[in-house]
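# Working through the structure, step by step
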Amino acid sequence: MKILSTHMKLLFITSILIPITPTHAKSILPTANGIQYPAALKNWRVIASSYRTDNNTQRVILGNSIAIKAARSGNTNPWPKGSTLAKLVWKNTEHPDWKSAIIPGKFIHSEIMIKNAEKYKSTGGWGYARWKGEAQQPYGKDKSFTQECLTCHSQVKKSDYVFTIPAKIP
Ligand code: HEC
């Protein structure tokens with residue numbers, strides 16, 4: 001009887017857990033510097049969007065709850081510890097029913113920056129990671145790929161290595 005009730009409890013717990021487990025995020029491999037794809041990323045909120053005229057792509061910049069709180073209150077220089085910024089990039093395409101509306105087409109990559117001044121001291125206090133294409137393949141053969149990220153992001157050292165200016169939401 002006791003065994004059965006434990007079994008039932010387990011069954012109950014797994015039946016609750018299974019539907020909310022983000023299976024896709026689980027199958028995405030970590031990057032060479034050991035950063036995991038954030039399982040909750042799809043539920044993060046918007047900080048800004050951007051549009052690149054040179055390569056015909058559009059992006060949304062999302063934040064985890066720490067980053068959103070910082071962005072909404074203007075507390076972003078420095079960004080608080082634990083802030084994670086994500087950028088999702090798509091090729092531009094036309095809306096099939098409204099040609100002048102440019103919408104996200106082919107998915108290009110996702111990338112994140114995690115703020116932790118001690119842990120990521122060698123890369124300006126941010127941990128960098130990128131996953132390519134719809135298959136979300138980790139970018140970078142070894143962890144030296146972060147130097148590439150840092151080279152560009154150092155250009156905005158004055159704004160804590162972050163390019164994004166949080167969009168004004170009245
Ligand atoms: C050639 C320059 C360049 C390189 C290399 C680069 N970035 Fe960026 N990154 C940018 C620019 C410019 C923006 C802001 C414009 C935009 O939204 O695309 C940006 C924005 C971001 C953002 C949104 C937060 C912010 O700073 O605005 C993240 C996250 C990000 N990059 C991650 C990475 C990662 C991870 C790498 C390395 C794998 C990387 N970047 C490499 C230029 C670069």
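These notes cover the structure that comes with them. Because the structure is predicted, anything quoted here is derived from the model rather than measured. (Residues numbered from 1 in each chain as written. Predicted model: local features only at pLDDT ≥ 70, side-chain atom pairs only at ≥ 80, totals over all residues.)

## Quick notes on helix 3 (residues 65-73)
Definition in use: Neighbour density around each residue's C-beta defines its exposure: 20 or more other C-beta atoms within 10 Å make it buried, 12 or fewer make it exposed, and counts between make it partly exposed, where C-beta atoms are placed from the backbone. Numbered from the N terminus, helices here are DSSP runs of H or I no shorter than four residues, and strands are runs of E no shorter than two. Taken from the helix axis, the directions to the C-beta atoms give the arc we talk about. Contact between two residues is assigned when their C-beta atoms, built from the backbone, lie within 7 Å.
Along helix 3, the residues classified as buried are Ala67, Ala70 and Ala71. Axial view of helix 3: buried residues confined to an arc of 95°, hence all on one face. Those residues of helix 3 hidden inside the fold are in contact with strand 1 (45-52), strand 2 (57-63) and strand 3 (84-95). Following helix 3 by one or two positions, glycine 74 adopts a phi angle in the positive range, close to 70°.

## Quick word on the site of the ligand
Spelled out, the test is: Placing the C-beta atom from the backbone, one calls a residue near a molecule or strand if that atom lies within 6 Å of it. When residues are sorted by character, Ala, Val, Leu, Ile, Met, Phe, Trp, Tyr, Cys and Pro go into the nonpolar class, Asp, Glu, Lys and Arg into the charged class, and all the rest, Gly among them, into the polar class.
Within the structure, the ligand sits among 21 residues, and Ser50, Cys149, Cys152, Phe163 and Thr164 are positioned closest to it. Secondary structure elements with two or more residues in the shell around the ligand: strand 2, strand 3, strand 4 (98-115), strand 5 (126-132) and helix 4 (145-153). The dominant element in the shell around the ligand, judged by the number of residues it contributes, is helix 4, at 5 residues. Counted by class, the shell around the ligand contains 13 nonpolar, 3 polar and 5 charged residues.

## Digging into the sheet that holds strand 5
In plain terms, the rule: A pair of strands counts as paired when DSSP detects no fewer than two bridges linking them.
Taken together, 6 strands build an open sheet; the order of strands is 1-2-3-4-5-6 and the sheet is antiparallel. Two strands bound the open sheet, and with one partner strand each, they are strand 1 and strand 6 (137-138). With 7 bridges connecting them, strand 4 and strand 5 associate as antiparallel partners. What sits directly across from isoleucine 114, in strand 5, is glycine 127.

Read these as layout, nothing more, since geometry by itself doesn't imply function.
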